[in-house]
Amino acid sequence: MSYTFYLIAIPAVFFAYFIFWMVYSVMNNTMDGKLKNIANKIGIMPVQEFFNGIEERYISTKGQLLSLRKINKTVLSNHDGGFFNHCYYNLEHKVIFYIDGEKYICERSVFSMINNKDEGRADRALAIVGGSKKVKVYYNPDNVKESYVTFNDIKDWSAI
């Protein structure tokens, strides 16, 4: 056999094995668990899990939406020597809440902290947040300024 055959055949076998492993992992739902394990090891957790943890550790109170607007961010990135623009959408909001008669402002939620690439989803979130009947602020009892807000109990962009 020729040298060229080995240059093509060996990478092709590894590539085919890799594709087989990926398809097998996805079909048997083992990929998701492995990715979660990797994420947990480096300190990353899913958004839903983050907000569930907030509910368990923090105290909640009612909040009132003061201001709301959609933000468009353009991020320039460099991939393989080329530059690309990525558009992200977030919501900027201010929610007022009171603890022991003292006024606080919360500006953090899944909509302000997590980038979203879908402008239509951002517009839907804007409408939902603006019309929220249930604005709940979760605050750290040891540091009230450390707070997060949920609107109608929505904790993830995928719920929009």
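What you are looking at is a predicted structure, and each value in this text was computed from that prediction instead of being measured.

### Structural notes on the nonpolar core
1) Next: Within the largest apolar cluster, 26 residues are counted, with the highest numbers of intra-cluster contacts made by Phe97, Phe111, Val149, Phe151 and Trp157.
2) Next: Mapped onto this core, the elements with two or more residues apiece are α3 (47-57), β3 (82-99), β4 (102-106), α4 (110-113), α5 (119-130), β5 (135-140) and β6 (143-151).
3) Next: Counting residues per element, this core draws most heavily on β3, at five residues.
4) Next: Ignoring anything within four residues of it in the chain, the contact list for phenylalanine 97 reads Thr61, Lys62, Gly63, Glu102, Lys103, Tyr104, Ile105, Cys106, Val137, Tyr139, Val144 and Ser147.

### Digging into the environment of serine 112
1) Next: Structurally, serine 112 can be placed in helix α4.
2) Next: Considered as a pair, serine 112 and isoleucine 71 are 41 residues apart in the sequence and their alpha carbons are 9.0 Å apart.
3) Next: Ignoring sequence-local partners within four residues, the contact set of serine 112 consists of Asn90, Leu91, His93 and Glu107.
4) Next: A polar contact of 3.1 Å, which involves the side chain of serine 112, links it to the backbone oxygen of glutamate 107.

About the cut-offs
Residues numbered from 1 in each chain as written. Predicted model: local features only at pLDDT ≥ 70, side-chain atom pairs only at ≥ 80, totals over all residues. Heavy atoms only, no water. Core = buried A, V, L, I, M, F, W, Y, C linked by side-chain atoms within 4.5 Å. Buried < 20%, exposed > 50% of the residue type's maximum accessible area, 1.4 Å probe, protein only. Helix = DSSP H or I, 4+ residues; strand = E, 2+ residues; numbered from the N terminus. Contact = heavy atoms within 4.5 Å. Polar contact = N/O pair within 3.5 Å; in protein donor to acceptor, adjacent residues only side chain to side chain.

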